[in-house]
Amino acid sequence: MPRPIFAKIHPDSVAINLAQARFATHKNASKIWATIKANAYGHGIEHIYDGLLDADGLAMLDLSEAQRVRDLGWNKPILMLEGCFSVSDYSFVCDLDLTVVVHHEAQIDWLITYYEHNQTQYSINIYLKLNTGMNRVGFLPQRYEEVFSRLRALPFVGEITLMTHFANADILDGVAEQMALFNAVTTPIVKKHPQILRSCSNSAAILTHPQAHFDWIRPGVMIYGGSPFLDQTAQSHQLQAAMTLGSELIALQTVQAGEAIGYGSRFVAKKNMTIGVVACGYADGYPRHAPDGTPVWVDGVKVCLVGRVSMDMMMVDLTSAPDAKVGTPVELWGKNLPIDEVAQSAGTIGYELMCGLAQRVPVIVE
Ligand SMILES: *Cc1c(COP(=O)(O)O)cnc(C)c1O
């Protein structure tokens, strides 16, 4: 028998969460780029695909991921969030019918070089990225209109959509400055080109900053049932977990007061207690730095991690689960135990935990 660990993937939850994203926009009118970079935030693109069918487009980074969704039969738009990394990438863009972000000058030079050397009728749609303060990628405000005009003048460029990305959408008033700059820079362009579309919002902005929704929203973590906030649960936004990481107890230990548990003897029992050993460790993607007290769901109750997480196992305090035995089901995160609770205890975010699900964990699609 294989180790009892598994990840259960819930495509139905993705569909429900996508509907929540749409519902958050004015008159449900914004279109949705479901963001599926990093292999759908660790869920597996193929595993959640059925839950994505109501999205208007899929956003990602890797050409191989674009190929995979076309192979699955996706015939709606695909957005490459970082655009092209070389001249030759544009041939995949044409072949796979992709929309590309353009965020720096070299990408325009490559685009022109590609069209100079290749015979193609393909009209390429572009998302032109404005750096409004995140200072990661995007054109500076003072260059933006000029770059827009340069692209607009190219005969092979189709639609140009204006975009930016927020650094602090997870806090109150966190988009005010960036929105002011985005509006100041884009309003003159929109006045000259009234048909032009705009896209700004990640999950946090979708859920709390309606003034930033515009024409296309870009939900990521929320469609997997994760919260983009530290102080608001996914549940409070009616989001449902798309991944349950489950396992079983594979051993029990009785320890006496004063005895230590696991590597480094980090946890020392204050009283006589029963310890459960869970088949899950950092080689499965569970955070090694999770401290004592991190919640784990065992036999219908929340119990506490005790001792250092090892490669393949971790230990829990079974004081509040007296009937637990070898074979008792355990949930590390998912439908019963929000991934964000575990992440917060471990000093990280739900995003990192989902993306870190290890290859060796068998996946079951519900
Ligand atoms: C990842 C990403 C998103 C989605 O962000 P979430 O916080 O997961 O909703 C949106 N836009 C861009 C440009 C991204 O890279």
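Visitor: Can you tell me about the site of the ligand, naming the residues and giving the values?
Guide: Around the ligand, 13 residues are found, and the nearest of them are Lys 37, Tyr 41, Ser 203, Val 221 and Tyr 351. Within the side chain of Tyr 41, a nitrogen or oxygen atom sits 2.6 Å from an oxygen atom of the ligand. Contact with the protein chains hides 92% of the accessible area of the ligand, taken as 380 Å² for the molecule alone. Split into classes, the residues belonging to the shell around the ligand amount to 5 nonpolar, 5 polar and 3 charged.

Visitor: Any chance you could break down the environment of Val 363 for me, citing the residues and the numbers?
Guide: Positionally, Val 363 belongs in strand β18 (residues 363–365). By relative accessible area, Val 363 is classed as partly exposed at 32%. Along the primary structure Val 363 and Ile 5 are separated by 358 residues, whereas in three dimensions their C-alpha atoms are 9.3 Å apart.

Visitor: Before we move on, can you summarise the pattern of salt bridges with the specific residues and values?
Guide: As enumerated under the stated definition, the model contains 12 salt bridges in all. The salt bridge involving Glu 146 is made with Arg 143; its shortest N-O contact spans 3.1 Å. Of the two residues, Glu 146 and Arg 143 both sit in helix α7 (residues 141–152), 3 residues apart, roughly one turn of that helix. Judged by its relative accessible area of 27%, Arg 143 is partly exposed. When the shortest N-O distance is used, the salt bridge between Arg 360 and Asp 312 registers 2.9 Å. Residue Arg 360 is found in the loop between α11 (350–355) and β18, and its partner Asp 312 is found in the loop between β15 (301–306) and β16 (314–317); the two are separated by 48 residues along the sequence. Judged by relative accessible area, Asp 312 falls into the partly exposed class, the value being 29%.

Visitor: Break down the pairing of β16 for me, citing the residues and quoting the values.
Guide: On β16, burial covers both faces: Met 314 and Val 316 on one face and Met 315 and Asp 317 on the other are all buried. Of the strand pairs in this sheet, strand β13 (residues 273–278) and β16 are connected by 4 bridges, and their pairing is antiparallel. Across the sheet, residue Val 277 finds its bridge partner in β16, namely Met 315.

Visitor: Please set out the side chain of Asp 284 residue by residue, giving values where relevant.
Guide: Within the secondary structure layout, Asp 284 lies in the loop between β13 and β14 (295–298). A distance of 2.8 Å separates a polar atom in the side chain of Asp 284 from the backbone nitrogen of Gly 281. Only 2.7 Å separates the side chain of Asp 284 from the side chain of Arg 360, close enough to count as a polar contact.

Calculation rules
- Residues numbered from 1 in each chain as written.
- Predicted model: local features only at pLDDT ≥ 70, side-chain atom pairs only at ≥ 80, totals over all residues.
- Heavy atoms only, no water.
- Near = heavy atom within 4 Å.
- Polar contact = N/O pair within 3.5 Å; in protein donor to acceptor, adjacent residues only side chain to side chain.
- Areas by Shrake-Rupley, 256 points an atom, 1.4 Å probe, with all protein chains shown as cover.
- Nonpolar A, V, L, I, M, F, W, Y, C, P; charged D, E, K, R; others polar.
- Helix = DSSP H or I, 4+ residues; strand = E, 2+ residues; numbered from the N terminus.
- Buried < 20%, exposed > 50% of the residue type's maximum accessible area, 1.4 Å probe, protein only.
- Salt bridge = Lys/Arg side-chain N within 4 Å of Asp/Glu carboxyl O.
- Pairing = 2+ DSSP bridges.

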